[in-house]
Amino acid sequence: MMGRIALTFLVVMLIGGVRPAAAERLVVSLSNHRVAITSSFVGEDLVLFGTVEPDAGKTALRPVYDLVVTVTGPRETLRARRKQRVLGIWVNVDSREFVRVPSYLAILSNRPASKIAASDTLRRLQVGLDNFLLPQRIGPDLADTVREDPFRLAFIRLENQQNLYSEIGTAVTFLTPTVFRAAIPLPSNVPVGNFAIDVKLFADGALVARTNSALEVTKTGFEQYVADAARDNGLLYGLATMLMALLTGWVANVMFRRD
Amino acid sequence: MQIYLPIADMPVNIFLVLGMGLAVGYISGMFGIGGGFLMTPLLIFIGVTPAVAVASVASHIAASSFSGAINYWNRRALDLPLALMLLSAGILGTATGVWLFTELRALDQLDLMIGLSYVTLLTVVGAMMIYESLRAVVRARKGMPATLRRPGSHTWVHGLPIKVRFKRSKIYVSAIPVWGIGFLIGFVGAIMGIGGGFLLVPMLIYFLRVPTATVIGTSMVLTLVTMASATVMHAATNHLVDAVLALILMVGGVVGAQFGVRTGQKMRGERLRLLLGVLVFAVGLRFAYELVASPDDLFSIRHVGVE
């Protein structure tokens, strides 16, 4: 009985062409888990380091790995609008709502995603901007569209222009066959909140290990204070701004008085 | 030097914004206007969203008009009762404007509305100013006295009921056009992020025959109060006033205005009005071009909500 199971196992493995027990483990570490937006913030590059470890020390490591790091920012709902000429002027005529999509999305890999695995695998694992799930409100339903949908293409293009969505096929570097580093570019307009980092290890076009990490982007000090005040105490904040305006005007008047 | 704006959520070069404040302040001091119609488009141009630009410029104009109003108050060149009457309607206009601003923003048509208002107002007012000042220049060439105000000449405005006397301006007019003008300025200011000084001054002169001695001071009081209340209302309803951006702008603005006033006093009245007319008209054309010309990108994105 045992022998038959072992034999079946061996046969399956020979047919599948894979080596014994996919048992790699990913160990990753982020250079900084908390990014603070201060008054001089102009963006920051984070570095994710990691190694591929054999699990339990038994299995041999494979010679070549591929790595995909997906960083997603806090979810938000956005509306993409399309202009059309109406009576000679350009007016927003059509819009589509993208519901609970990442405000920041970076898909980083050591080589272009299309070369890492077959397209259906990539699609299932949401690797690449084309394959990432971006639900739109279409009538009463929420659904992602085909990747050629003009709104979807425009949405990704605009987010990409703002450096918020990116797919970089060279952002992950293998320093040795098992030690890697990934550069996560956070632009100056990076949204505030919790970011999820999903790390996927591929070998021979199949997912062999997966782990995750997280980072937080926060406004600190004065920026935090101003943003909170504007949101939570709008009226008081407005009155304070108004008083500041009056004070500035008065000071200027006193300073430049000519008599 | 870059500084991060906490509400606009973007870094800007502090010297660039300060320079914009100085330049616009200079022009505003020179012509006795708030300069919002220049500042708002400039901010939009450097990447601030139109909504934040309109809301933040309001406080900038409040600062520069307060600085100017003190000067006119000290010189007694300010008609407070007239200003207060304009204001009673102006506040209502501002509230209506802020409300419409919020509604249009929800309908994705705010940018269009701001653009259209700019085009119509600026080209019409600019063209009128150019026409009027060119006539004055021609009259001055021919050696005729350049009178703007013909005492005793009445229009239909003077036939309206509820008459009120304003002592300092030496006018006796109906309250209806006063309220109408006040409401319009408050409304337009809230929607477009402008103080409306360049609109108010000609309206007061042509419709109410307010003498030039008190017109600018009175206009500044009105601008001050409508813009101060627009700041508070925009902050309370839309949470879009960026205090850091506003502070940099107003510091540049009030300093620039002091130098502008000196240049303005050296220039002839009709020349000054011609120059302002050309400026207003040019900004209007710029907006018209933007509405008509094919945009670089037909698509745009707007934030609806954060989870």
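The structure contained in this document is the topic of the report that follows.

Scoring rules and cut-offs
- Residues numbered from 1 in each chain as written.
- Chains lettered and ligands numbered in written order.
- Predicted model: local features only at pLDDT ≥ 70, side-chain atom pairs only at ≥ 80, totals over all residues.
- Helix = DSSP H or I, 4+ residues; strand = E, 2+ residues; numbered from the N terminus.
- Buried ≥ 20, exposed ≤ 12 C-beta atoms within 10 Å, placed from the backbone.
- Core = buried A, V, L, I, M, F, W, Y, C linked by C-beta atoms within 7 Å.
- Domains from an automatic or database assignment.
- Contact = placed C-beta atoms within 7 Å.
- Nonpolar A, V, L, I, M, F, W, Y, C, P; charged D, E, K, R; others polar.
- Pairing = 2+ DSSP bridges.
- Axes fitted to C-alpha atoms, helices over the stretch in contact; angles between N-to-C directions.

When you go through chain A residue by residue, the secondary structure sums to 6 helices and 14 strands. Burial analysis of chain A (259 residues in total) assigns 30% to the buried set.

With that out of the way, let us pick up the nonpolar core. Across soluble globular proteins, you tend to see nonpolar side chains buried next to one another. A:V69, B:A62, B:L86, B:L122 and B:L224 are the most contacted members of the largest nonpolar core, which totals 158 residues. Per-element accounting of this core gives the leading share, 14 residues, to helix α3 (residues 50–74) of chain B. Residue contributions to this core reach at least three from each of two domains, namely domain 1 (24–219) and domain 2 (220–253) of chain A. B:A62 has contacts with A:M242, A:A245, A:L246, B:L224, B:M227, B:A228 and B:T231, leaving out every residue within four places of it along the chain.

How large an interface is tends to be reported as the accessible area lost when its parts come together. Tallying the contact residues gives 48 residues for chain B and 51 residues for chain A. Mapped onto the side of chain B that touches chain A, the elements with two or more residues apiece are β1 (2–5), β2 (10–13), α3, α8 (212–237), α9 (243–266), α10 (269–292) and β5 (299–306) of chain B. Sorting elements by how many residues they give to the side of chain B that touches chain A places α9(B) first, with 9 residues. For the side of chain B that touches chain A, the class distribution of residues is 32 nonpolar, 12 polar and 4 charged.

Residues and elements named next belong to chain A. Across the sheet, which stays open at both edges, the 4 strands sit in the order β1-β3-β12-β11 with antiparallel pairing between neighbours. If you trace the sheet from one side to the other, it starts and ends with β1 (24–30) and β11 (172–174), each paired once. Neighbour-to-neighbour, the strand axes of this sheet turn through a mean angle of 20 degrees, independent of strand direction. Here 3 bridges tie β11 to strand β12 (residues 179–186), and the two strands are oriented antiparallel to one another. Note that in β12 the partner of T173 across the bridge is R181.

Another point: unusual backbone geometry. In most cases, non-glycine residues show a negative phi, while peptide bonds are predominantly trans. Residues and elements named next belong to chain A. Even without being a glycine, Q126 presents a positive backbone phi close to 55 degrees. Tracing the backbone through its elements, the reader meets Q126 in the loop between α3 (119–124) and β8 (136–138). What makes Q126 partly exposed here is the crowd of 18 C-beta atoms within 10 Å. Despite not being glycine, N163 shows a phi value in the positive range, around 65 degrees.

Everything listed here is a matter of geometry and, on its own, says nothing about what the molecule does.
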